[in-house]
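For reference, the chains in residue letters:
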Amino acid sequence: MKFKSLSIFLIISSFFLTCILSIWKIMATLQGLSFTNLNVTTVFIIGILLFLIFVLIGNKVNHLIKIFLLSFLFSILYFYLNEISPFWYIIGVFLITLFFTNKLKKYSMQSLKEDFISEKIIFDFITLFGIVFFAFVILFPFYIMFVTSFKTQIALLVNPLDFSLDFTRSLTELFKSYFVIFETYNFGRYILISSAVSIGTVIVTLLFAIPAAYAVARLNFFGKNFLSTSILIIYMFPAIVLVIPLYTVFSQLGLRNSIFGLLIVYTATTLPVAIYMLQGYFKSIPREIEDAGIMDGQNWFGIIFKIIIPLSLPAIASVALYVFMIAWNEFLFSLMFLDSPKSFTLSRAIQYLSGDAETPRQYLMAGSVIVTVPVLLIFIYFEKYLVSGLTSGSVKG
Amino acid sequence: MSESLSKLEKRTAYTLVLPAVLLVFAIVLFPIFANIWISFKDIELKDIRIPEPRAKKIVKSISENQSELKIIYKLRNSSLIQEIKNVKFQDKFPRDISPVYLDARCNFKSKKVVCNFGNWQAKYKENFEIIIKNNNGETIDKEIIKSQKPILDGKADNPLLTTNFTLENFKKVFYENNFVELLLTTFYFTFFGTVGAIVFGILAAQLVNQNFQGRTYMRGILLFPYVGPVVALAYTWTLLLDPNSGTLNALLVNFNIIETPINLLGQKYITMSILGIEFKLRLALTTVIFFEIWRYFPLAFLFILARLQAIPQSLYEAADVDGASPIQKFTHITLPQITAIISILFMIRFIWNFNKFEDIFLLTGGASGTRTLPINVYQQGFAVSDIGMGSAVSIVIVMLLLSFMIIYFRLIGKRANEV
């Protein structure tokens, strides 16, 4: 039994250490180091050695001294068995091993006798490795997008794996792609259009949604139940089935290529979810406060403006951010309705850029960075509001 | 008294709700019904322009002192297929100018030339001339004559509003469009994309629900793919997966894991052999599904995490006392607590994945076996320019969606209110 759990521990811990070191090696390769072999088997075997010594020593030595010594030995061994590598790379290996062994503090020969230890080992490692894995898979494309925008065409052709940034170049050289897309491809204009459309959508949506949500939440009228259920059903209908009729009607009305047309469509498509989110919040406001307002002789308009809106600012903020995000990221309608570069939004402009096979990829990525960064910044800064918006908006995708 | 108050309440309610309802009706509900109309018409992209009579004015001098000018109007019907009825023409001239020669269809009255051209066939073209002179024999300023634009007017049927219907579009959708494959691809994409997103969502939520440093940051990072703009993310992935110079292929070749780059987004099938059994995998479709999972598991993660955090800790403590293993704790405590949210997520994601257009369009454009129903709407309507056919595919989508929703409300609609 003990042998079984020991071997499971060794194999699993060594396996995960190998995975993490491989990720490190890949990242190092992308900094221009010329590795050609992941050395998985070698790392795996010395990993098993490392963890064998680790559990054998157990609690006999101070934990910190133990992990320092072991990681140091491991790094030296790794250095000799691996391809020629610079000092900073080995330091990285050392730190990773240190971090990894530190997480295994509770494992010793004694602890391996516990109940269900093999299951616990697997769960523990999946947790530890899972976080690294998810972070890597999510951030890697963003990282590539970001660094590609700072590379030059030639550098990318010479070595497509070298993403190291050369800071010895002048700043104008480094930011060349950004200068080009602003000067040659008019991205300044597109940023303005995108902002105008998104902010306009937020304002108009709120103007329509707050009164409607208030009525649905508080007032009694014929067709109320029907309205509140149909809100969600309407929201489930996808943009793609609206596109052809809207396209034909907009063409005949001359609303294509107009920002106004886009604004109407965005507002109408986000209204149902905005009403749904707001009425949920309005219902949670105690009725007594409004009754007090009615006693003071306020009309409905006054109640909405003086009582409801100030009380539900957080909900309104999350609706506003959520609607902004949808409008900023929207692509299908801007693809359909805009075909003159004069009225492109950012998303449409990037798609237009990519349509030309000659466009160098770093320009495309610079454009992508420009469209992504505002949303991510807003998201990071207002995460609390946006997450509550996402959970109550729930269905949009 | 109370009756009038409830009347007032009703009236207020309608004024508050009406603007939003009207807007949604015009932009969302109306198109859904308009689709039914269009899908029964044989109509193409070029037909949706309402035909209009057009004239281009060319001014030529024919006398020495420019007291006489010839004006040529290049008249045409803008439509290639439709007739314009009862075309009327009108052009204004400055004072002291009168026509020397005038077509029989026209007359000159109070400085205006007015003509009645009758009906114009489709593709109709004519060079219509008049000669004018200055009554005083002075020079006529060409620019002034040129700057006055003629006004044309005619009646044409709006091709969208005619009442000739056909079943041709639906016949084409079901018989000439590889309908079965289209449906299968859509279902593969929808089903595996949904299941994958939920599985990864559960996994990520399990991880983040543990105590570790930087947990709040991790939650934020995990949502990045969901909040980022599709265009940017799709192009980044296309770049990563590119067979010629994409990072992923370059890495795999560099570390000798594969010999030649794989065209992950451009290859329809790849032959794999597992345990000696060879089978074909839909490669491009699989890649697109993985992108879909990557982009949408955060939503599942967010919901499941919220649910996990609401599970009372005492349940787990009690299980510890009973000596339950981690797997038992997961299957007996965690899973039953999250099945409700998972079933709701499954339906919602299923419907949204079923409608997904942008992601596939940007990654493959629907090539290499990734043609789903929404992609087909675009291809038919705008690439092939057959609007009627595109609408017919839209109708198929709406019908399938409605049936999903009916199933949804029958099965778990009641449960939705509990969460």
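Residues numbered from 1 in each chain as written. Chains lettered and ligands numbered in written order. Predicted model: local features only at pLDDT ≥ 70, side-chain atom pairs only at ≥ 80, totals over all residues. Heavy atoms only, no water.

In terms of helices and strands, chain B carries 15 helices and 10 strands. In terms of overall size, chain B is more extended than a compact globule, its C-alpha atoms giving a radius of gyration of 33 Å where 419 residues would be expected to give roughly 22 Å. Each principal axis of the C-alpha atoms in chain B carries an extent, and together these give about 115 × 85 × 45 Å. With 419 residues in all, chain B has 49% of them scored as buried. Within chain B, counting contacts between residues at least 6 apart in sequence, those at least 24 apart form 71% of the total. As presented, chain B carries roughly 21,100 Å² of accessible surface, and 57% of it is formed by carbon and sulfur atoms. Here chain B contributes 44 positively and 33 negatively charged side chains, and the mean placements of these two sets differ by 5 Å. (Helix = DSSP H or I, 4+ residues; strand = E, 2+ residues; numbered from the N terminus. Rg over C-alpha atoms; globule rule 2.2 N^0.38 Å. Buried < 20%, exposed > 50% of the residue type's maximum accessible area, 1.4 Å probe, protein only. Contact = heavy atoms within 4.5 Å. Areas by Shrake-Rupley, 256 points an atom, 1.4 Å probe, with all protein chains shown as cover. Lys, Arg positive; Asp, Glu negative; His and termini not counted. Charge placed at Lys NZ, Arg CZ, Asp CG, Glu CD.)

The next thing to look at is the pattern of salt bridges. All names here are of chain B. Under the counting rule described, the total for this entry stands at 8 salt bridges over all chains. As a salt-bridge pair, lysine 57 and aspartate 91 come within 3.0 Å of each other at their nearest N and O atoms. With lysine 57 in strand 1 (residues 53-61) and aspartate 91 in strand 3 (residues 84-92), this pair connects stretches of sequence that are 34 residues apart. Comparing lysine 57 with aspartate 91 shows no difference in burial state: the two are buried. Its salt-bridge partner being glutamate 126, residue arginine 105 comes within 2.6 Å of it at the nearest N-O pair. Of this pair, arginine 105 sits in the loop between strand 4 (97-101) and strand 5 (106-109) while glutamate 126 sits in strand 7 (residues 125-134), and the two are 21 residues apart along the sequence. (Salt bridge = Lys/Arg side-chain N within 4 Å of Asp/Glu carboxyl O.)

As a further point, take the interface of chain B and chain A. With 101 residues of chain B at the contact, the number on the chain A side is 98 residues. Contact between chain B and chain A buries roughly 8,900 Å² in total, counting both sides, with carbon and sulfur atoms accounting for 80%. Applying the counting rule to chain B against chain A returns 6 residue pairs in polar contact (both at pLDDT 80 or more). For the side of chain B that touches chain A, the element with the highest residue contribution is helix 1 (residues 2-39) of chain B, accounting for 22 residues. (Buried area = accessible area lost by both parts, 1.4 Å probe. Polar contact = N/O pair within 3.5 Å; in protein donor to acceptor, adjacent residues only side chain to side chain.)

Residue and element names in this part refer to chain A. We note that the domain assignment places domain 1 (2-148) and domain 2 (181-393) within chain A. Distance between the C-alpha centres of domain 1 and domain 2: 46 Å. Between domain 1 and domain 2, the residue contacts involve 4 residues of the former and 7 residues of the latter. Around 460 Å² of area is buried between domain 1 and domain 2 when both sides are counted, 88% of it from carbon and sulfur atoms. Summed over the three residues of domain 1 that lose the most area to domain 2, namely Phe142, Met145 and Thr148, the buried surface amounts to 88% of that side. Put simply, domain 1 and domain 2 have 0 salt bridges between them. (Domains from an automatic or database assignment.)

Glancing now at the packing of aromatic side chains. Two descriptors summarise a pair of aromatic rings, namely the distance from one centre to the other and the angle between the planes of the rings. Taken as a whole and assessed by the stated rule, the structure comprises 60 aromatic pairs over all chains. The interplanar angle of 35 degrees and the centroid separation of 6.2 Å between the aromatic rings of phenylalanine 331 of chain A and phenylalanine 361 of chain B together place this pair among those described as tilted. Taken as a pair, phenylalanine 331 of chain A in the loop between helix 15 (313-329) and helix 16 (332-337) and phenylalanine 361 of chain B in helix 12 (residues 358-363) lie in two separate chains rather than in one. Here phenylalanine 350 of chain B and phenylalanine 404 of chain B contribute two aromatic rings whose centre-to-centre distance is 5.2 Å and whose plane-to-plane angle is 85 degrees, an arrangement assigned as edge-to-face. Of this pair, phenylalanine 350 of chain B sits in helix 11 (residues 326-354) while phenylalanine 404 of chain B sits in helix 14 (residues 387-411), and the two are 54 residues apart along the sequence. Judged on exposure class, the residue phenylalanine 350 of chain B and its partner phenylalanine 404 of chain B are both buried. (Phe/Tyr/Trp six-rings, centres within 6.5 Å; stacked < 30°, edge-to-face > 60°.)

Turning our attention to the nonpolar core. Counting 243 residues, the largest nonpolar core has Phe9 of chain A together with Ile304 of chain B as its most contacted members. If one sorts the elements of this core by residue count, helix 9 (residues 283-309) of chain B sits on top with 17 residues. (Core = buried A, V, L, I, M, F, W, Y, C linked by side-chain atoms within 4.5 Å.)

Let us now look at the pairing of strand 5 of chain B. Two faces belong to every sheet, and in a regular strand the side chains alternate between them. All names here are of chain B. Sheet topology places strand 5 next to strand 6 (residues 112-120); 4 bridges connect them, and they run antiparallel. Each residue of the ladder has a partner; that of phenylalanine 108, found in strand 6, is valine 113. Count of turn residues in the strand 5/strand 6 antiparallel hairpin: 2 residues, of which serine 110 carries a positive phi of about 35 degrees. (Pairing = 2+ DSSP bridges.)

Let us now look at the domain arrangement of chain B. Looking at the assigned domains, one finds that chain B contains domain 1 (51-155) and domain 2 (177-385). Measuring from the centre of the C-alpha atoms in domain 1 of chain B to the corresponding centre in domain 2 of chain B gives 64 Å.

As a further point, take the environment of lysine 112 of chain B. Residues and elements named next belong to chain B. Summarising the element assignment, lysine 112 is placed in strand 6. Assessed through its relative accessible area of 28%, lysine 112 is described here as partly exposed. The spatial distance from the C-alpha of lysine 112 to the C-alpha of aspartate 141 is 17 Å, given a sequence separation of 29 residues. The contact partners of lysine 112, leaving out residues within four places of it in the chain, are Gln90, Asp91, Lys92 and Asn107.

Now for the side chain of serine 14 of chain A. All names here are of chain A. Within the secondary structure, serine 14 is located in helix 1 (residues 2-29). A relative accessible area of 0% places serine 14 in the buried class. There is a polar contact of 3.4 Å between the side chain of serine 14 and the backbone nitrogen of isoleucine 48. Not counting chain neighbours up to four residues away, the residues in contact with serine 14 comprise Val43, Phe44, Gly47, Ile48 and Phe51.

All names here are of chain B. Here we have 4 strands laid out as an open sheet, ordered 5-6-3-8, and antiparallel in their pairing. Pairing within the sheet leaves two strands with one partner each, and these edge strands are strand 5 and strand 8 (151-155). Here the strands of the sheet are splayed against their neighbours by 15 degrees on average, with no regard to which way each runs. (Axes fitted to C-alpha atoms, helices over the stretch in contact; angles between N-to-C directions.)

Quick look at the packing of helix 5 (residues 117-148) of chain A against helix 7 (residues 230-241) of chain B now. Where helix 5 of chain A meets helix 7 of chain B, the closest approach of the two axes is 10 Å, and the angle between their N-to-C directions is 85 degrees. When the axis of helix 5 of chain A is compared with that of helix 7 of chain B, the two are roughly perpendicular. Across the interface between the two elements, Phe140, Pro141, Phe142, Ile144 and Met145 of chain A from helix 5 of chain A touch Ala232, Leu233, Thr236, Trp237 and Leu240 of chain B from helix 7 of chain B. Among the residues making up the contact of helix 5 of chain A with helix 7 of chain B, the classes are represented as 9 nonpolar, 1 polar and no charged. (Parallel < 35°, antiparallel > 145°, perpendicular 65-115°, else oblique. Nonpolar A, V, L, I, M, F, W, Y, C, P; charged D, E, K, R; others polar.)

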